[in-house]
Protein chains: 2
Amino acid sequence: MTINITLPDGSKRDYPKGSTAMDVAKSISEGLARNVLAAKINGEVWDLSRAIENDADLQLLKWDDKEGKSTFWHSSAHLMAEAIQELYPTAKFTIGPPIDNGFYYDVDFNGEGFGADDLQKLETKMLELAKKDSAFLRASVSKKDAADYYSKIGNEYKLELVNDLTDGEITFYTQGGFYDLCKGPHIPHTGHIKAIKVMSLAGAYWRGDEKNKQLTRIYAITFPKKSELDAYLLMMEEAKKRDHRKLGKELEIFTFDDEVGPGLPLWLPNGGAIIEALETFAKKTENEAGYVRVKSPHIAKEALYIRSGHLPYYAESMFPPMELDGEKYYLKAMNCPHHHKIFGATPKSYRDLPLRFAEYGTCYRYEQSGELFGLMRVRSMQMNDAHIYCTEEQFESEFRGVNDLYLKYFKVFGIDKYIMRFSTHDPAKLGQKYIDMPEKWIKTEDMVRKVLINSGINFIEVPDEAAFYGPKIDVQVYSAIGREFTLATNQVDFAQAERFDLSFTNDKNEKERPLIIHRAPLSTHERLIGFLLEHYAGVLPLWLSPKQLNILPISEKYHEYSQKVLNLLKKYDIRGLVDERAEKTGKKIRDAEIRKTPYMLIVGEKEEAEGTVSVRKHGGEDLGSMKTEDFIEHILNQIKKETE
Amino acid sequence: MTINITLPDGSKRDYPKGSTAMDVAKSISEGLARNVLAAKINGEVWDLSRAIENDADLQLLKWDDKEGKSTFWHSSAHLMAEAIQELYPTAKFTIGPPIDNGFYYDVDFNGEGFGADDLQKLETKMLELAKKDSAFLRASVSKKDAADYYSKIGNEYKLELVNDLTDGEITFYTQGGFYDLCKGPHIPHTGHIKAIKVMSLAGAYWRGDEKNKQLTRIYAITFPKKSELDAYLLMMEEAKKRDHRKLGKELEIFTFDDEVGPGLPLWLPNGGAIIEALETFAKKTENEAGYVRVKSPHIAKEALYIRSGHLPYYAESMFPPMELDGEKYYLKAMNCPHHHKIFGATPKSYRDLPLRFAEYGTCYRYEQSGELFGLMRVRSMQMNDAHIYCTEEQFESEFRGVNDLYLKYFKVFGIDKYIMRFSTHDPAKLGQKYIDMPEKWIKTEDMVRKVLINSGINFIEVPDEAAFYGPKIDVQVYSAIGREFTLATNQVDFAQAERFDLSFTNDKNEKERPLIIHRAPLSTHERLIGFLLEHYAGVLPLWLSPKQLNILPISEKYHEYSQKVLNLLKKYDIRGLVDERAEKTGKKIRDAEIRKTPYMLIVGEKEEAEGTVSVRKHGGEDLGSMKTEDFIEHILNQIKKETE
């Protein structure tokens, strides 16, 4: 009896019935078998050791796969529990899931003290146990046996979990001396875990309910190689220094205020200058790419969002309504419905298309207060938004145009590493999860795929993750220290034109629905500036710097000349200030360094007499004395170079 | 027995007790007596013929005075009633007040038909009666006599009005054969009314309640000179052509949508282009004047508006709250509270002042739906807002700076006629209507007055109309056809710094409160663009035109060259399009004329061969053939000239 296994590249192989994913890995190569951590069988993650009884799609998961990592960390949580059990035999375990970076376990230490001082001891014990190469073994257990076990050892938490489960579906896993209720899956053995860092601890209530007992949550992270842990810890240390909340405060870029409200940033003048620079740049770029600008209010009647479908489907991400003249008004969570109304306001012909409506529209979304995080998770967001209305023939070239914008922006911001996640539909779910327009799906997905390949874009295709109304692309970028940020989303939309009854007259004089592309390559000001602060560690490039230079007169005698220089610079839209404080020049330079000001122009008797400035760059480079006009040319060239 | 009369210039004269305002007028000059219409006695408007029994302040009112006009129109309403009574003896009169432009009377024609065809007949009769120079005579009547009179003639409306009045305070007026319940005052006689236009009629419910009987409302306007009526009718005709709602639709500048909501304009790409041009210009001007830009969300918690005092005092002009996480959030009706929070976010020293925070902030105000009017009365408004925080020593120069901005803008927009209404406090109302800081009031009002005079600003001073927290200036401008628009308000504020606990450290190292100036010289985009559309009759100056030029290829062969020219122009931020329709050039020119496009560039074989364009200006002027580079220089010079 054989079963037929289909691999991700589409190749098919036969194996004896009851073979495991590890058998498949070994049949491909021994090296692969050494590195594989788990397997995806028909879309579900399994242990490598589970017998496969029927034909199946199979994908082997390694460390670099998202599910590989999370299986690795889940198994590491079991390893941590095993270590705790050895060190604190009366500890009771509750839950221990993997998270974005590592894992945690919530433990009731049952009166025994466990504090920050004990983290190192725990780490050492985990390393010692990991070296034993203990296999993770899976066993089915009846509900009664499971309940009896936890009653016997007196773990009321696990008992509560068991009671919620269905008999016949309960499994336990064992590794070394640790035995745990768990649905898995796990990596083959603890030997894969070579590097461990127990990070921190925190209090956490059982089941998140503050009426319950407080448990000790222990965070940790593990890696298959020591070098990866070192790199991670270095990145975390660097990220701490580059924390946009810390830099935003130090550089006076933004603030929050209790009386204004959480998640609603107030932008101080330095932040305002960055926003202006970004908008001027975006508008120029969009203008050259043929966009036109529209402007819409931040509210609309309920009727608009019922038409768009945001109500009721998106209601919980929206702010609650205001009742006015017997009608409900909502803050906009997206600009699209307003733009569609603008498109529909006047009749359109095929000659008017493509139409590209751009707006820096501020949207409001309800995020739970616990989820708010600096500029990265906010309630008000200024979006670099635009909607492109085009014919099917124009779609490919329009979509390429959007990608070209992305690539241009990546270059300008020095983003070397990015990935686009191209989410497609599942034909089996047409009419349910996806709008039932099969040809449109196939056609637009083909076009998108073709453009991505032809433009040499780094992308992965993710089936069954499209939006309801069309395929989408999520753009993930990596900061200079390698942290991942989801910056923007691009969506194709063939549903809204219908809902808003948008049409154009084609060259055969018939009504036709336009295709719509939603795009926001520069994300929101909030998320982009948050990212850039980390990416540049606060040392923004010249064109984005709130103050591009400080003029430092060496004494009061040169204030007038300094102001004259500043006024001249202003005419060229160069942003600067004169530091007129009665401080030594050395102190003025140090302060400008702290503020990350790109240029310092030192002026005294010689400079005034010769009409020059002595130029020092941030970081210390000395450009010497320059005619003011030459400096202007220098700085304008620099800005031009940075934004091209 | 004499009484002492004080005239507006402060001069005092004695008259016999019982003298009338007409006696006073005659004592000054016969010419004045011929033109005077009514008088203000101790702030109350009186008939010229009423006997004055005590010492009094007296102001003679003529046609050019606001109250002179409204008395004139009120008397004209009586004249219209007299004419109706002659033509339709069974008509019943209700109320007939003056309005902004003319007056109306609501009449129950009691079954007799009165339609649009009858307006001319009514006008003729009014002119005939006016010529009789019938005097308006005042008589006190007891409540019983008044009620008996209206019972007898069967006018239930006036009877209802009489019943609401207090016995002893009821007066009737007679002119010619018309006798009317009226508290006056009136002009001396009908002979002043030389020019009459009965404009239109409409339905109106008695007391505005649709459960009551529908009456006929007849609108009319009158003047003391025929030439003034002619000028008025010409202006109205011109205003109709220049109606910003009509032009806004024809030129595709803005639109409203039922599903978005009333009073919430959607700006089409042409409107978006005008807004961009205005903002770029304003930001450049403000940047050169030392403003910095901030950015704030459109909502805030209730707490912010309680602190600012908007709640509860301004609550009915605000949108209703949204309930979120157990807190109330409001849409902002003004930007000041947010800006004050930004000021307060970091410590300030006297060296940081003056600080000028500018933001094009969109505010939301609740206007009743019946009061909404095109762009002039809206619910969402994009304000050219800024707040200046300064020391007392800096106030005068800062206030002058704001005035300089106004004068610059008047010049740029070709506004030849304007007036600033300078509203001051009343010392008797300190602590009630006005914040109780007497020295601050006197000091800032003196400074404002001095700046207004020194800058040669055309202003009038209006006592007892200041804001609660400081003196203010309302700026009224007149469009090219002489219609008045209230564009902007400037306010001095010495209360908010206290409420928000804003301070700076002065040079003696003490805490001090800043003075605050609120200013918005370019008003809101909505109001300014509405005004400019009328002012320019839609023919916007080059720098504001949504499309600055159309390129008109004489055949398809020159499309490519046209696009090349357009791309070159775009690099200089010049806005244009290529008219690629398969139409004759004549038709393309006509269409560009209708769209008020400033330049048309005609290109054909010769132009392509020589690298030139044939330039035609809106209105027909032919600039002949120019090298494309020369045309760019020409148009950029033009824009520069317009905005300097």
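Not measured: the values here are computed from a predicted model. (Residues numbered from 1 in each chain as written. Chains lettered and ligands numbered in written order. Predicted model: local features only at pLDDT ≥ 70, side-chain atom pairs only at ≥ 80, totals over all residues. Heavy atoms only, no water.)

1. Focus: the interface of chain B and chain A
Counting residues at the interface gives 65 residues for chain B, matched by 65 residues for chain A. Note on chain B versus chain A: buried area summed over both sides is about 5,300 Å², and carbon and sulfur give 59% of it. The largest per-residue losses of area from chain B upon contact with chain A belong to Glu-259, Lys-295 and Met-322 of chain B, which jointly make up 13% of the total buried on that side. For the pair chain B and chain A, the interface holds 14 salt bridges. Measuring nitrogen to oxygen at the nearest pair gives 2.9 Å for the salt bridge that ties Glu-259 of chain B to Lys-341 of chain A. Viewed at the interface, chain A and chain B are joined by 23 residue pairs in polar contact (both at pLDDT 80 or more). If one sorts the elements of the side of chain B that touches chain A by residue count, helix H9 (residues 269-288) of chain B sits on top with nine residues. (Contact = heavy atoms within 4.5 Å. Buried area = accessible area lost by both parts, 1.4 Å probe. Salt bridge = Lys/Arg side-chain N within 4 Å of Asp/Glu carboxyl O. Polar contact = N/O pair within 3.5 Å; in protein donor to acceptor, adjacent residues only side chain to side chain. Helix = DSSP H or I, 4+ residues; strand = E, 2+ residues; numbered from the N terminus.)

2. A look at the packing of helix H9 (residues 269-288) of chain A against helix H16 (residues 525-535) of chain A
All names here are of chain A. Closest axis-to-axis distance for the H9/H16 pair is 11 Å, and the angle between their directions is 105°. Overall, the two elements H9 and H16 adopt an arrangement that is roughly perpendicular. Together, Ile-274, Ile-275, Leu-278 and Glu-279 of H9 and His-525, Leu-528 and Ile-529 of H16 make up the contact between the two elements. Classifying every residue of the contact of H9 with H16 gives five nonpolar, one polar and one charged. (Axes fitted to C-alpha atoms, helices over the stretch in contact; angles between N-to-C directions. Parallel < 35°, antiparallel > 145°, perpendicular 65-115°, else oblique. Nonpolar A, V, L, I, M, F, W, Y, C, P; charged D, E, K, R; others polar.)

3. Considerations on helix H5 (residues 143-153) of chain B
All names here are of chain B. Taken together, the buried positions of H5 are occupied by Ala-146, Ala-147 and Tyr-150. Along H5, the residues classed as buried sweep out an arc of 95° about the axis, all on the same side. Across from the buried face of H5, at angles greater than 90 degrees, the exposed residues are Lys-144 and Lys-152. The elements touched by buried residues of H5 are helix H6 (156-163), strand S10 (171-175) and strand S11 (178-181). (Buried < 20%, exposed > 50% of the residue type's maximum accessible area, 1.4 Å probe, protein only. Arc of directions from axis to C-beta.)

4. Observations concerning the domain arrangement of chain A
Parsing chain A into structural domains produces domain 1 (2-62), domain 2 (67-242), domain 3 (260-297 + 333-535) and domain 4 (542-643). For domain 2 of chain A versus domain 4 of chain A, the separation of C-alpha centres amounts to 57 Å. (Domains from an automatic or database assignment.)

5. What about the relation of the copies chain B and chain A?
Under the fitted operation, chain B is carried onto chain A by 0.1 Å of movement along the axis and a turn of 179°, and the coordinates agree to an RMSD of 0.5 Å. Those values place the two copies in the arrangement expected of a two-fold rotation axis. Nearest to the rotation axis, the C-alpha of Met-322 of chain B is located 2.9 Å from it, this being the minimum over chain B. Take the interface residues of chain B: 98% of them recur as interface residues in chain A, which is what a same-surface contact looks like. (Least-squares fit on C-alpha atoms with pLDDT ≥ 70 in both.)

6. Description of the packing of helix H13 (residues 392-412) of chain B against helix H14 (residues 438-454) of chain B
Residues and elements named next belong to chain B. H14 packs onto H13 with a crossing angle of 40° between their chain directions and a minimal axis gap of 10 Å. The angle between the axes of H13 and H14 places the two elements in the oblique class. For the pair H13 and H14, the sense of crossing is right-handed. Packed against H13, whose contacting residues are Glu-392, Phe-395, Glu-396, Phe-399, Arg-400 and Asn-403, the element H14 presents Lys-440, Lys-443, Thr-444, Met-447, Val-448, Lys-450, Val-451 and Leu-452 at the interface. Classifying every residue of the contact of H13 with H14 gives six nonpolar, two polar and six charged. (Left-handed = near helix turned anticlockwise from the far one by under 90°.)

7. Some details on the packing of aromatic side chains
Inspection of the entire model under this criterion finds 68 aromatic pairs over all chains. When the centroid spacing of 5.7 Å and the interplanar angle of 65° are considered together, the rings of Tyr-104 of chain A and Tyr-219 of chain A count as edge-to-face. Remark: Tyr-219 of chain A occurs in strand S13 (residues 214-223) and Tyr-104 of chain A occurs in strand S8 (residues 102-108); sequence separation between them is 115 residues. Relative accessible area serves as the criterion here: at 11%, Tyr-104 of chain A is assigned to the buried category. Ring pairing ties together the aromatic residues Trp-63, Phe-72, Trp-73, Phe-223 and Tyr-232 of chain A, which thus form one cluster. Here the guanidinium or amino end of Lys-69 of chain B rests over the ring plane of Trp-63 of chain B, the centre of that ring lying 4.9 Å away. The residue whose ring lies beneath Lys-348 of chain B is Phe-343 of chain B, and the NZ or CZ to ring-centre distance is 5.0 Å. (Phe/Tyr/Trp six-rings, centres within 6.5 Å; stacked < 30°, edge-to-face > 60°. Lys NZ or Arg CZ within 6 Å of the ring centre and 35° of its normal.)

8. Description of the sheet that holds strand S20 (residues 355-364) of chain A
All names here are of chain A. Ordered by their spatial adjacency, eight strands build an open sheet running S16-S20-S21-S28-S25-S24-S22-S23, and the pairing between neighbours is mixed. In this open sheet, the two strands that pair with only one neighbour each are strand S16 (292-293) and strand S23 (459-462). Direction of pairing for strand S22 (residues 418-423) relative to strand S24 (residues 472-478): antiparallel, over a ladder of six bridges. Paired with Ile-419 across the strands is Gln-476, a residue of S24. Against the sheet, helix H14 (residues 438-454) engages S22, S23, S24, strand S25 (484-493) and strand S28 (515-519), with an angle of about 165° to S22. (Pairing = 2+ DSSP bridges.)

9. With respect to H14 of chain B
All names here are of chain B. Given a rise of 1.5 Å per residue, 17 residues ought to cover 24 Å, and the 24 Å separating the end C-alpha atoms of H14 matches this to within 8%. All of the buried residues in H14 are Trp-441, Thr-444, Glu-445, Met-447, Val-448, Val-451 and Leu-452. Axial view of H14: buried residues confined to an arc of 160°, hence all on one face. In H14, the exposed positions that point more than 90 degrees away from the buried face belong to Glu-439, Ile-453 and Asn-454. Contacts from the buried residues of H14 go to H13, strand S22 (418-423), strand S23 (459-462), strand S24 (472-478), strand S25 (484-493) and strand S28 (515-519). (Expected span 1.5 Å × (residues − 1).)

10. Considering the side chain of Arg-379 of chain B
As for its position among the elements, Arg-379 of chain B is in the loop between strand S20 (355-364) and strand S21 (380-390). Within the structure, Arg-379 of chain B has its side chain in polar contact with the side chain of Asp-325 of chain A (distance 2.9 Å).

11. Examining the confidence of the model for chain A
For chain A, per-residue confidence averages 94 on the pLDDT scale, and residues scoring 70 or more make up 100% of the total. Our summary of model confidence lists the complex with pTM equal to 0.87 and ipTM equal to 0.87. (pLDDT = per-residue confidence, 0-100.)

12. Observations regarding the pattern of salt bridges
Where charged atoms from two side chains of opposite charge come close, those side chains can pair. Applying the stated rule across the entire model yields 108 salt bridges over all chains. Where Asp-325 of chain B meets Arg-379 of chain A, a salt bridge forms, and the shortest distance between an N and an O atom there is 2.9 Å. Of this pair, Asp-325 of chain B sits in the loop between strand S18 (322-324) and strand S19 (327-331) while Arg-379 of chain A sits in the loop between S20 and strand S21 (380-390), which puts the two residues in different chains. The exposure class assigned to Asp-325 of chain B is partly exposed, which follows from its relative accessible area of 45%. Put simply, Lys-246 of chain B and Glu-250 of chain B hold a salt bridge, and the shortest N to O gap is 3.5 Å. Taken together, the residues Lys-246 of chain B and Glu-250 of chain B, both in helix H8 (residues 244-250) and four residues apart, mark about one turn of the helix. Classification of Glu-250 of chain B by relative accessible area gives partly exposed; the value is 42%. Connected via shared salt-bridge partners are Glu-276 and Lys-295 of chain A together with Glu-279, Lys-283, Glu-286, Arg-293 and Arg-519 of chain B.

13. Things to note about unusual backbone geometry
Residues and elements named next belong to chain A. In this structure, the amide linkage connecting Gly-184 to the following residue, Pro-185, adopts the cis form with an omega of -5°. In this structure, Pro-185 sits in the loop between strand S11 (178-181) and strand S12 (195-205). In this model, Leu-311 is joined to Pro-312 through a cis peptide bond whose omega is 5°. Looking at where Pro-312 falls in the secondary structure, it is placed in helix H11 (residues 310-313).

14. What about the sheet that holds S20 of chain B?
All names here are of chain B. Here eight strands make up an open sheet; going across it, the order is S16-S20-S21-S28-S25-S24-S22-S23 and the pairing mixed. The sheet is open, and its two borders are formed by strand S16 (292-293) and S23, each paired with just one other strand. Judged from the three bridges that link them, S25 and S28 form a sheet pairing that is antiparallel. Across the sheet, residue Gln-491 finds its bridge partner in S28, namely His-518. Contacts from H13 reach S20, S21, S22, S24, S25 and S28 within the one sheet, and its direction differs from that of S28 by about 10°. Sitting on the sheet, helix H16 (residues 525-535) is in contact with S20, S21, S24 and S25, with an inclination near 145° to S25.

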